[in-house]
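Structural overview
In case you want the letters, here they are:
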Amino acid sequence: MTVASDRQYLNLQLIPMRISEAALEPINIDASPQVGGATIATALSGTEGHRIKQLVLYPGEPSEMLIKLENLGQKYIYFQEINIETNLPADWYTLQVENHQIAPGNKMEAALVGHIPKDFFESQISWQIDKSLKLDYFGRINISYALLDQPISNPPDSETLRNFESIDFNIYIRPRSLYLNFLPDLYREVDFIGRLLNIFEQTFEPSVQTLDVIHDYLDPRTAPETLLPFLAYWVGWQMIPNIESDRQRQLIHRAIEIYRWRGTKRGLQFYLHLYTDLPLDEEHIFIQDVFERGFVTGETRLGQDSIVGGGKPYHFIVRLRHKPYHQINEQLIRQIIEQEKPAFCTYELYMILDNSNDNTPSLPESSNT
């Protein structure tokens, strides 16, 4: 059986690597919490020298506590592992140990690292009906060790680990509050004030941060996805469904420029360039005006400035040349042309595949009047 020796051979010390912002007191630890079947007293001692150590954990930030072990005897100390008893979930902390032997008069260090989920206070999993959110936890470090005359390479049997040391500490999960920096030191020492201010911080800080970058929210190229319909409505733009988000952003951003040239050849070519992402040149986006008037009685001379049959007044032809891998929705192209052209105009659309890399002739993909 493992028992604590009357003489202390191993000295244990806990050193938190981060000093708490406030003087913490237990909030919702049970009067007699149980860990490992044993009742644990969590009251703090009245003197500073005997105060139970505190480990403060902030969600999303790593917090570390050093475990210092000092060999006070004349023999080697060997321990198999450092056992931690705590009601903190196991995936919220890790223990880092580099060695398991301590020479006489020497010291070694281990580290207890806590990492609370960043969304601890926002996660619905943390809250339960008719129960308050648990913020205070208890921990105890136990070490069973053996006293040996010389160092060993293989671990001894469990019967040899007859000596025992333990130390208790409290764990507190607290929100990080920036508003404490605006208070006198006297108020920073009260944990309740820090937690109360954090309620206001969580309420107002998102609005303050939004105001700092308000220009990004008003630019379609950088605004959140959910804000795009509002920005489109703001400039009177009808959003095109089923297109990439980046292309949608560019269309909203250039909407005023599209309006400026609406009903012209230049405006239609520019709009098709933004939608299809084809180069803005006549090789890829070609719009041809047809000026033949056909036969008009009383205004033309047969055989000189007119033809019999064929020809349409105010008619134009659109040719789009694209690579096979560059897919273009012909239905949306026609919708754009119908929207941008004058109402009295007619048109023809040709979607031409560019197979120049394949050494094959280019053929029209579609041709409709």
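Residues numbered from 1 in each chain as written. Predicted model: local features only at pLDDT ≥ 70, side-chain atom pairs only at ≥ 80, totals over all residues. Heavy atoms only, no water.

Description of a nonpolar patch on the surface
Judged by side-chain polarity, Val190, Phe192, Leu196, Ile199, Phe200, Phe204 and Val208 come together as a nonpolar surface patch covering roughly 640 Å² of accessible area. Mapped onto the elements, leucine 196 comes out in helix 2 (residues 191-212). (Patch = residues over 30% accessible without salt bridge, like charges linked within 9 Å, V, L, I, M, F, W, Y side chains within 5 Å. Areas by Shrake-Rupley, 256 points an atom, 1.4 Å probe, with all protein chains shown as cover. Salt bridge = Lys/Arg side-chain N within 4 Å of Asp/Glu carboxyl O. Helix = DSSP H or I, 4+ residues; strand = E, 2+ residues; numbered from the N terminus.)

Considering the sheet that holds strand 5 (residues 63-71)
With antiparallel pairing, four strands are arranged side by side in an open sheet as 1-5-9-7. The open sheet has two edge strands with one neighbour each: strand 1 (10-16) and strand 7 (93-97). On average, adjacent strands in this sheet sit at an angle of 20° to one another, irrespective of strand direction. Of the strand pairs in this sheet, strand 5 and strand 9 (residues 107-114) are connected by eight bridges, and their pairing is antiparallel. Within strand 9, the position partnered with glutamate 70 by the bridge is lysine 107. (Pairing = 2+ DSSP bridges. Axes fitted to C-alpha atoms, helices over the stretch in contact; angles between N-to-C directions.)

A short note on empty space enclosed by the protein
According to the stated counting rule, one finds two cavities of 30 Å³ or more in the structure shown. Estimates place the volume of the second largest cavity at around 50 Å³. In terms of lining, the second largest cavity is formed by Leu55, Leu57, Ile84, Thr86, Leu88, Tyr93, Leu112, Val113, Gly114, Phe169 and Ile171. For the lining of the second largest cavity, the secondary-structure elements that each account for two or more residues are strand 4 (53-57), strand 6 (76-86), strand 9 and strand 11 (163-173). The greatest single-element share of the lining of the second largest cavity, amounting to three residues, is contributed by strand 9. (1 Å grid on protein atoms, 1.4 Å probe; cavity = no way out; pocket = protein on both sides within 12 Å on 5 of 7 lines; lining within 4 Å. Points joined across faces, edges and corners; volume = space filled by probe spheres on them.)

Things to note about the pairing of strand 9
Looking along a regular strand, one sees side chains alternate from face to face of the sheet. When you tally the buried positions in strand 9, you get six out of eight residues, the bulk of the element. Note that strand 7 and strand 9 share five bridges and pair antiparallel. Bridging from a neighbouring strand, threonine 94 pairs with valine 113 of strand 9. (Buried < 20%, exposed > 50% of the residue type's maximum accessible area, 1.4 Å probe, protein only.)

A short note on unusual backbone geometry
One non-glycine residue, aspartate 277, adopts positive backbone phi at about 65°. Tracing the sequence through the fold places aspartate 277 in the loop between helix 7 (265-276) and strand 12 (285-290).

Observations regarding helix 7
Under the 1.5 Å per step criterion, the end-to-end length of helix 7 is 16 Å for 12 residues, consistent within 8% with the ideal 16 Å. Here helix 7 has its buried residues at Gly267, Leu268, Gln269, Phe270, Tyr271, Leu272, Leu274, Tyr275 and Thr276. Contacts from the buried residues of helix 7 go to helix 5 (245-253), helix 6 (255-260), strand 12, strand 13 (315-322) and helix 8 (330-340). (Expected span 1.5 Å × (residues − 1). Contact = heavy atoms within 4.5 Å.)

Focus: the side chain of glutamate 165
Position of glutamate 165 relative to the elements: it lies in strand 11. You can call glutamate 165 buried: its relative accessible area is 16%. In this structure glutamate 165 touches Gln8, Leu10, Leu12, Ile141, Asn142, Ile143 and Tyr145, once residues within four positions along its chain are discounted.

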